[in-house]
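# Understanding the architecture of this molecule
Next come the chains, spelled out residue by residue.
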Amino acid sequence: MRYRELGRSGLSVSEIGYGAWGIGESSWVGATEDESVRALHRAIDLGVNFIDTARGYGESERIVGRVVRERADDEVLVATKVPPKNRVWPAPDGLDPAESFPGEHIRKSLETSLSSSGLDHFDVLQFHVWSDDWVGRGDWLETIAELKQEGKIRLFGVSINDHQPDNALALVRSGAVDTVQVIYNLFDQAPADALLPACEEHGVGVIVRVALDEGGLTGRITAGTTFPEGDWRNRYFRDDRPAQVEQRVAAIVADLGIAPDEIAEHALRFVLSSPAVSTVIPGMRSVRNVERNTALSDGRPLTADQLAVLAKHRWERNFYS
């Protein structure tokens, strides 16, 4: 496993981190706690030292906390998220920060997360939505400073609204944030335009989510693909979206001259090709997925020619809407 600096924090994180939304048994159907625990342990065995969870991920905080406490001799960094008090996702323009992240709500949410996980602190506390309208407004920054002083959190971050990477530029430039979490993948390459350079300039760590487009960049989504009842991906990949994804992936495979089952590897290597990226956090609900993804941390970057080919496959759309 290779490690990268998490911005200016002084912390080093595994370039392959662990996205723990899928193990919470809430929106993703098919996870079991036993397999999730095995997967987490295997990830740590293989050098993963960064796990991302959230209050909104069902049982995820509890499961992650259980494993991290069992691995007390290993230094594992855990990030979690505070949901907005008003439960509005994403944060629209013009919203007062007191409606989403008043100080008392931030503190109460953190205490709930600490209790659920059994941990005594989180390494990164993130707001689960963000609006740059909030820079310099509200009492959230004072509360974050207090929580750091109390030792309950080490770093502060935000999870940027889906497909809105520029909606954190003011925050990054303000110096008030330690990390940002953002969607960045072969399809959504927009963060490379302004956000990633700004994070490099200001020493802000970058946590990449949805690097595999919720499964779209695995090569397993084809026309007619469906998911178990209750799985949120039935909405994400509704109507003709699976066919659109299949066509786009086939074009990438053809242009790169790779086998269809190599698309996920190239998608993750694409993300890691940016020096601004600190860690990428694919969801890994099985030991098999852990072993496959962590094996990519081998120092073999994509070539300049491959990156030039992939730059042509930018696809701006929002399947969350």
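Residues numbered from 1 in each chain as written. Predicted model: local features only at pLDDT ≥ 70, side-chain atom pairs only at ≥ 80, totals over all residues. Heavy atoms only, no water.

## Remarks on the environment of histidine 266
Test applied: Secondary structure elements follow DSSP: runs of H or I no shorter than four residues count as helices, runs of E no shorter than two count as strands, and numbering proceeds from the N terminus. In what follows, a contact means two residues having at least one pair of non-hydrogen atoms within 4.5 Å. In the analysis that follows, any N or O atom pair within 3.5 Å is treated as a polar contact, provided that within protein one partner can donate a hydrogen and the other can accept it, and provided that, for residues neighboring in sequence, both atoms belong to side chains.
Among the structural elements, histidine 266 can be located in helix α10 (residues 263-272). For the pair histidine 266 and aspartate 133, spaced 133 residues apart in the sequence, the C-alpha separation amounts to 36 Å. Apart from the residues lying within four places of it in its own chain, the contact partners of histidine 266 are Leu256, Ile258, Leu302 and Gln306. Here glutamate 262 takes part through its backbone oxygen, which lies 2.9 Å from a polar atom of the side chain of histidine 266.

## Looking at the sheet that holds strand β5 (residues 77-82)
Spelled out, the test is: A pair of strands is labelled paired if DSSP reports no fewer than 2 bridges between them.
Reading across from one edge, β3-β4-β5-β6-β7-β8-β9-β10 is the order of the 8 strands in this open sheet, with parallel pairing throughout. The sheet terminates laterally at β3 (18-19) and β10 (279-280), the two strands that pair on one side only.

## Considering the pattern of salt bridges
Convention followed: One speaks of a salt bridge when a side-chain nitrogen belonging to Lys or Arg is within 4 Å of a carboxyl oxygen belonging to Asp or Glu. The cut-offs for exposure are 20% and 50% of the maximum accessible area for each residue type, with area from a 1.4 Å probe on protein chains only; residues under the lower value are buried, those over the upper are exposed, and the others partly exposed.
Inspection of every chain in the model, using the stated rule, returns 29 salt bridges. Arginine 8 is the partner of aspartate 178 in a salt bridge, and the nearest nitrogen-oxygen pair spans 3.7 Å. With aspartate 178 in the loop between α6 (169-174) and β8 (179-183) and arginine 8 in the loop between β1 (3-5) and β2 (12-14), this pair connects stretches of sequence that are 170 residues apart. Judged by relative accessible area, arginine 8 falls into the partly exposed class, the value being 42%. Where salt bridges share partners, they join Glu33, Glu59, Arg62, Arg66 and Glu70 into one cluster.

## Digging into the layout of surface pockets
Test applied: Cavities and pockets are found on a 1 Å grid laid over the protein atoms alone: a cavity is a set of points where a 1.4 Å probe fits but cannot escape, a pocket is an open set with protein on both sides within 12 Å along at least five of seven lines, and a lining residue has an atom within 4 Å of such a point. Grid points are joined across faces, edges and corners, and a volume is the space filled by probe spheres set on the points. Residues were grouped as follows: Ala, Val, Leu, Ile, Met, Phe, Trp, Tyr, Cys and Pro as nonpolar; Asp, Glu, Lys and Arg as charged; and all remaining residues, including Gly, as polar.
Each pocket or cavity is described by its volume, and for the second largest pocket that value is around 200 Å³. Around the second largest pocket, the lining is made up of 14 residues, and of these Val68, Asp74, Val76, Leu119 and His121 lie nearest the centre. Looking at the lining of the second largest pocket, the elements with two or more residues in it are α2 (60-70) and β5. Grouping the amino acids of the lining of the second largest pocket by side-chain chemistry returns 6 nonpolar, 1 polar and 7 charged.

## Notes on the environment of threonine 179
Mapped onto the elements, threonine 179 comes out in strand β8. A residue is classified by how much of its surface remains accessible, and threonine 179, at 0% relative accessible area, is buried. For threonine 179 and glutamate 75, which are 104 residues apart along the polypeptide, the C-alpha to C-alpha distance reads 19 Å. Among all residues touching threonine 179, those that are not within four sequence positions of it are Leu6, Val124, Leu155, Phe156, Gly157, Val158, Val204, Gly205 and Ile207.

In short, shape yes, function no, at least from these values alone.
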